[in-house]
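# Architecture at a glance
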Amino acid sequence: MSIRRYLMLIIISIITLIVFIAAIQGYKASMLQAADLFDVQLSSFADTLISLEPQKNNIKVSSNDTLAFQLWSNNRLISKSSNTPQQAISSFKHGFSEHNFMGKRWRVFSLKKHNTWILVAQLLKPRFELAEKVILSAVTPIILTIPLLSIIISLIISYGLKPLQQLKEQLTKKNINDLSTINMEHAGKELQPIIDTLNRVLSQLDKAYEREKRFASDAAHELRTPLSVLKINAHNLQYELGSDNESLNNLMASVERMVHVVEQILKLNQTNPEQFSQQMKKIVLTPIVQQVIAQLYTDISARKQIIEFVDNNIEIYGNDFCIATLAQNLIANASKYTPLGGQILVSTLQHGENFILQIEDSGPGITEEEINKVFDRFYRIGGDCNNSKVIGCGLGLAIVKHIVVLHQGSIKLSISPQLQGLMVTVTFPSLLEHHHTVAKKTVEVHS
Amino acid sequence: MRILLVEDDLPLAQGLQISLRHQDFAVDHVSNGKDALNTLAFADHDMVILDLGLPDIDGLSVLKEVRKNKSAIPIIILTARDSVEDKVQGLDIGADDYLVKPFDISELTARLRVIERRLGTANSSIITIHNVVIDTLAHKVLVNEQVINLAKKEYMVLKLLIENAGRIQSREQIESHLYEWGEEVSSNAVEVHISNIRKKLPERFIKTIRGVGYTVEN
C-alpha cells in the first residue's frame, strides 16, 4: 500500500470519526440547553396562569397546540385546555415530570397555589426538533467541508512526499551504468540520510568500476609494451640474419599471432555493453568505413586486392569505436580469406526501415555448417590456427557478433551474388526506433 | 635526419634505436620527460618519437610544453592507450601522428618518411616514385625526365599524394588541403584536378579507391 494512500485513508477516517463524535456530544449539549429553555418557559406559563385565575370551564385550544394545562382544586378539575383528558395529567407533586396523554409525550410542570394545583404541559417533540436543528446547523458545514478537507490533505501529503517522489524519479532514470551521485536540494531530514548512504554506495561502486577500467587499460599497456619489444627485436634479428632463417620466421609468426590475440581480447573487453550503452549517438558510417579501409589499405594493396566502397550516406545510432572495430574485423577478414588479386566490395545501403553495412569478397565463401559456428569464440574455419596459413585467433567474428547485438542489429552470412565469395550483411535498426529512447533521454536531461 | 626517442622502456628503446639506425635515421634516446624537455631546449633534432607513459612527466604534458615554446618540431606519439578520446586528445594538443603499441616497424618508418618528405629535410627535396620525380623546392614535376606543367592546385594535390605515398587520401582530406575555410569549392573539384593530373602522368600512377579516396603506390 502506498504511503500516500495510507496517510489519506487514516487522516480522513479520523477526521470523520471526530466530527461524528463531536456531533453526538453537541446534540446532547443542545438537547440539555433546549430542555432548560423550555422548562423555564413552562414554569413561567404556570405563573401566568395562576395570576390570570382562569374561569371554571373548558378552554378551547387547537389540538396542534404545544401547550396544555389543567387546574385542579380539592381533587376537582376546575379548568383545562381542550387538548387534555378529564383525568389529571400528572400526579399532584411539585416539579417537572414526563407523561403520556392524548397519544403524545409531554413535559409537565406541577405547581400548587392556595388550594389549586396548576398542571402545565408542553409537547416534548419541539424540544427534539430544536436540538436537531441546532446540531444540524452546527454540523452541516463541517460535513460539507470534509471533501474539501480531503483535497487539501491530499495536496499537503503530496507536497510532503515530494522529496520521495523526486528521489524515485532520479532513481528510475538512472541506468545501470550511471553511477553518478544523486543530488536533491530539499530532501528533508528523514530522506537525507538515505540519500547520503545511497550516494556513498554509488561512489564506492563508481570507484571500483573505475579501478576495473584502469586495470584493463594498465594490463593492456603491460602487454603491449613487451609485445612491441618482441616484435621490434625479432624484426632487427631478421634484418641482421636475413629473412630465410626458419626459427626466426617461426618466432615472428608467433609474435604476430600473440599480438593479434591480445588486440582482439582487448577489443572484446573494450566493447562490452557496460561501457558503450551510454555512448551511443547518431553516427554517419561513411567516414568510419573510409578510415578503416585507409588503415587496412597497406595490407590490402600488398595482397594486390581491389577494394571498393559504395556509399549511400547511411546514418545509424551507435558507437563509433564499436562500429570501426566491427568494420575493421569484417574487412580485414575479407582481405585475409580472399586470394591475392581478389576483390572486396564494401557497401552501405538502406533497405526499407533498416540500414545495412555489407562486405563481400571473391574468396572461397563459407559452407552451411560453418555459418553457425563462426560466431563462436576461438572457432576458426578449417580448424586450428596451425592448419591454415591465415593469421588469426577466431575472436574476430565473435567480437563482431557482440557489437551487432549491442546495437540491436543482426548479422547474416551468405554467398555474394556479385563476387561469389562470402557476403556479410550487418543490419542496424532504423533511427526511428531509437527516437523514443533518445527523446526520453533528452527530457530527462532537461527535467 | 636526427630523431629524439623518448621512451622509458629500455629494451623497447634499444630495439627501436637499432631498427631506426638500420633505416639510416640518427636516434638519440632519453627515458623521461624532464630529459626530453632539456634535450629539446638546446639540441637540434628533426623530430620526436614520444611515449605517453613516462615515469616523471606525462607524455601529453611534455607535448604541451614543447608546443608552448612555439616549437613546430614533428612529434609522433607512441602509446599503449588506444581509445578514440586518447587519440583525439593527443592530436589536439599538437601531435603530428599517433601509433599504438605494438606497431610494425615498417609502419613507423613509413610515417617517419612522410614527415621527412614534408619537412624536405631528407637527403634532397626530391622524391622519386617509379618514373615520376617531384622537386618540392623548385616546385617541379618530371615524368620520364621531362618537366610537365601543372596548375598550382594540381601540383598541391600531386605533392600531397606523393608525400603520403602508400596511404589513401580521402576527397575531404584533399579538399581541406587545397582550400581555405569558407572558400567556395565545387563538389567535383577534386575529381577535376585528379583527372587533369592523370592526363599528364603515366597511366595508373594515381589509383582511385572507389568510395574511399586516391593513393599513389610506393
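Keep in mind it's a predicted model, so treat the numbers as computed, not measured.

Below, the discussion takes up the sheet that holds strand S12 (residues 410-415) of chain A. Residue and element names in this part refer to chain A. One open sheet accounts for 5 strands, arranged S8-S10-S11-S13-S12; its pairing is mixed. Two strands in the sheet have a free side with no partner beyond their single neighbour: strand S8 (306-310) and S12. For this sheet, the mean angle separating the axes of adjacent strands, direction not counted, is 15°. Here strand S10 (residues 343-351) runs beside strand S11 (residues 354-361); their pairing, made up of 8 bridges, is antiparallel. Bridged to histidine 351 within S11 is asparagine 354. Seen against the sheet, helix H8 (residues 320-337) touches S8, S10, S11 and strand S13 (422-428) and runs at an angle of roughly 25° to S11.

In this section: the domain arrangement of chain B. Think of interface size as the accessible area that goes away when the parts come together; that is how it is often given. Residue and element names in this part refer to chain B. Here the domain parsing of chain B yields domain 1 (2-119) and domain 2 (126-216). For domain 1 versus domain 2, the separation of C-alpha centres amounts to 29 Å. Listed as interface residues are 5 residues of domain 1 and, on the opposing side, 6 residues of domain 2. Together domain 1 and domain 2 conceal approximately 490 Å² of surface at their shared face, both sides included; 48% is due to carbon and sulfur atoms. At the boundary of domain 1 and domain 2, one finds 0 salt bridges. Across the domain 1-domain 2 interface, the total number found is 0 residue pairs in polar contact (both at pLDDT 80 or more). For the side of domain 1 that touches domain 2, the element with the highest residue contribution is helix H5 (residues 105-119), accounting for 4 residues. Residue composition of the side of domain 1 that touches domain 2, grouped by class: 1 nonpolar, no polar and 4 charged.

This paragraph deals with the side chain of serine 414 of chain A. Among the secondary structure elements, serine 414 of chain A is positioned in strand S12. Accessibility expressed as a relative area gives 18% for serine 414 of chain A, which makes it buried.

The next point concerns helix H3 (residues 59-68) of chain B. Residue and element names in this part refer to chain B. All of the buried residues in H3 are Gly59, Leu60, Val62, Leu63 and Val66. Seen from one end, H3 has its buried residues packed into an arc of 155°, which puts them on one side. Exposed side chains of H3 directed beyond 90 degrees from the buried face belong to Lys64 and Lys68. The N-cap residue of H3 is aspartate 58: its side-chain oxygen and the backbone nitrogen of leucine 60 are 3.2 Å apart.

Before going further, it helps to examine the domain arrangement of chain A. Domain boundaries in chain A define domain 1 (3-155), domain 2 (177-270) and domain 3 (276-438). Summarising the inter-unit geometry, the C-alpha centres of domain 1 of chain A and domain 2 of chain A are found 95 Å apart.

Attention now goes to unusual backbone geometry. Backbone torsion omega between lysine 101 of chain B and proline 102 of chain B reads -5°, so that peptide bond is classified as cis. One non-glycine residue, lysine 304 of chain A, adopts positive backbone phi at about 55°. By secondary structure assignment, the location of lysine 304 of chain A is in the loop between helix H7 (285-302) and S8. The class of lysine 304 of chain A is exposed, set by a relative accessible area of 63%. The backbone of histidine 130 of chain B sits at a positive phi, close to 50°, despite the residue not being glycine. Here histidine 130 of chain B is to be found in the loop between strand S6 (126-129) and strand S7 (132-135). Given a relative accessible area of 56%, histidine 130 of chain B falls into the exposed group.

Now for the nonpolar core. Inside soluble globular proteins, nonpolar side chains tend to come together where they are buried. Counting residues in hydrophobic clusters, the biggest one holds 49 residues, and the most contacted among them are Ile293, Ile307, Ile331, Val346 and Val426 of chain A. Considering every element that reaches this core, the biggest residue donor is H7 of chain A, with 8 residues. Core analysis: the next-biggest nonpolar cluster, separate from the first, contains 26 residues, Val132, Val143, Tyr155 and Leu160 of chain B among them.

A few words now on the sheet that holds strand S12 (residues 213-216) of chain B. All names here are of chain B. Reading across the sheet, the 3 strands line up as S10-S12-S11 and stay open at both edges, with antiparallel pairing between neighbours. Each having just a single partner strand, strand S10 (169-170) and strand S11 (206-209) make up the two edges of the open sheet. Relative to S12, S11 is paired through 4 bridges, and the arrangement is antiparallel. Across the sheet, residue isoleucine 209 finds its bridge partner in S12, namely glycine 213.

Looking now at helix H1 (residues 10-22) of chain B. Residues and elements named next belong to chain B. The terminal C-alpha atoms of H1 lie 18 Å apart, and with 13 residues this matches the ideal 18 Å at 1.5 Å per residue to within 8%. Leu12, Ala13, Gly15, Leu16, Gln17, Ser19, Leu20 and His22 are the residues of H1 that are buried. Looking at where H1 begins, the residue whose side-chain oxygen comes 3.2 Å from the main-chain nitrogen of leucine 12 is aspartate 9.

Turning to the environment of alanine 189 of chain B, a few remarks are in order. Within the secondary structure, alanine 189 of chain B is located in helix H8 (residues 189-200). By relative accessible area, which is 7% here, alanine 189 of chain B ends up buried.

This part covers the packing of aromatic side chains. Residue and element names in this part refer to chain A. Applying the stated criterion across every chain, the model contains 5 aromatic pairs over all chains. Note on phenylalanine 92 and tryptophan 117: the rings are 5.9 Å apart at their centroids and 40° apart in plane angle, and the pair reads as tilted. Residue phenylalanine 92 is found in the loop between strand S3 (76-81) and strand S4 (95-101), and its partner tryptophan 117 is found in strand S6 (residues 116-123); the two are separated by 25 residues along the sequence. By relative accessible area, phenylalanine 92 is classed as partly exposed at 29%. With relative accessibility at 15%, the residue tryptophan 117 sits in the buried group. Ring plane angle 5° and centroid distance 4.7 Å describe the contact between phenylalanine 101 and tryptophan 106, whose orientation is recorded as stacked. Looking at phenylalanine 101, the relative accessible area reads 6%, which means it is buried.

A few words on the packing of H7 of chain A against H8 of chain A. Residue and element names in this part refer to chain A. Packing of H7 against H8 brings their axes to within 9 Å, and their N-to-C directions diverge by 40°. Judged by the twist between their axes, the crossing of H7 over H8 is right-handed. Note on element contacts: H8 touches H7 through Asp320, Ile323, Ala324, Ala327, Gln328, Ile331, Ala332 and Ser335, opposite Leu285, Ile288, Val292, Ile293, Gln295, Leu296 and Ile300. Along the lines of polarity and charge, the residues of the contact of H7 with H8 split into 11 nonpolar, 3 polar and 1 charged.

The rules behind these values
Counting restarts for each chain: residues are numbered from 1 in the order of the written sequence. Chain letters and ligand numbers both follow the written order, the letters beginning at A and the numbers at 1. Per-residue local features are limited, in this predicted model, to residues with pLDDT of at least 70; the limit for side-chain atom pairs, both in listing and counting, is 80 or more; totals at the level of whole chains, interfaces and linings are taken over all residues. By convention in this description, side-chain values take in all heavy atoms of the structure and omit both hydrogens and water. Strand pairing is assigned whenever DSSP identifies at least 2 bridges connecting the two strands. Each helix is a run of H or I in the DSSP string that is no shorter than four residues. Each strand is a run of E no shorter than two, and both are numbered from the N terminus. The convention used is that axes are lines fitted to C-alpha atoms, helices contributing only their stretch in contact, and that angles between N-to-C directions extend from 0 to 180 degrees. For this analysis, residues touch if any pair of their heavy atoms sits within 4.5 Å. How far each domain reaches was decided by an automatic or database domain assignment. Defined here as a combined quantity, buried area equals the accessible surface (1.4 Å probe) lost by two parts on assembly, summed across both. By convention in these notes, a salt bridge is any Lys or Arg side-chain nitrogen within 4 Å of a carboxyl oxygen on Asp or Glu. Polar contacts here mean pairs of N or O atoms no more than 3.5 Å apart (in protein, one a potential hydrogen donor and the other a potential acceptor; neighbouring residues in sequence count only if both atoms are side-chain atoms). Three classes are used, and their members are as follows: Ala, Val, Leu, Ile, Met, Phe, Trp, Tyr, Cys and Pro are nonpolar, Asp, Glu, Lys and Arg are charged, and the others, Gly among them, are polar. Partly exposed describes any residue whose relative accessible area lies between the buried limit of under 20% and the exposed limit of over 50%, with all areas from a 1.4 Å probe on protein chains only and scaled to the type maximum. This arc is built from the directions going out from the helix axis to the C-beta atoms. Put simply, a nonpolar core is a bunch of buried Ala, Val, Leu, Ile, Met, Phe, Trp, Tyr and Cys residues held in one set by side-chain atoms that sit within 4.5 Å of each other. Each residue after the first adds 1.5 Å to the expected span of a helix. Here the aromatic set is Phe, Tyr and Trp, taking the six-membered ring for Trp, and pairing holds for ring centres within 6.5 Å; pairs whose planes are under 30 degrees apart are stacked, those over 60 apart are edge-to-face, and all others are tilted. In a left-handed crossing the near helix is turned counterclockwise from the far helix by less than a right angle, and in a right-handed crossing that turn is clockwise.

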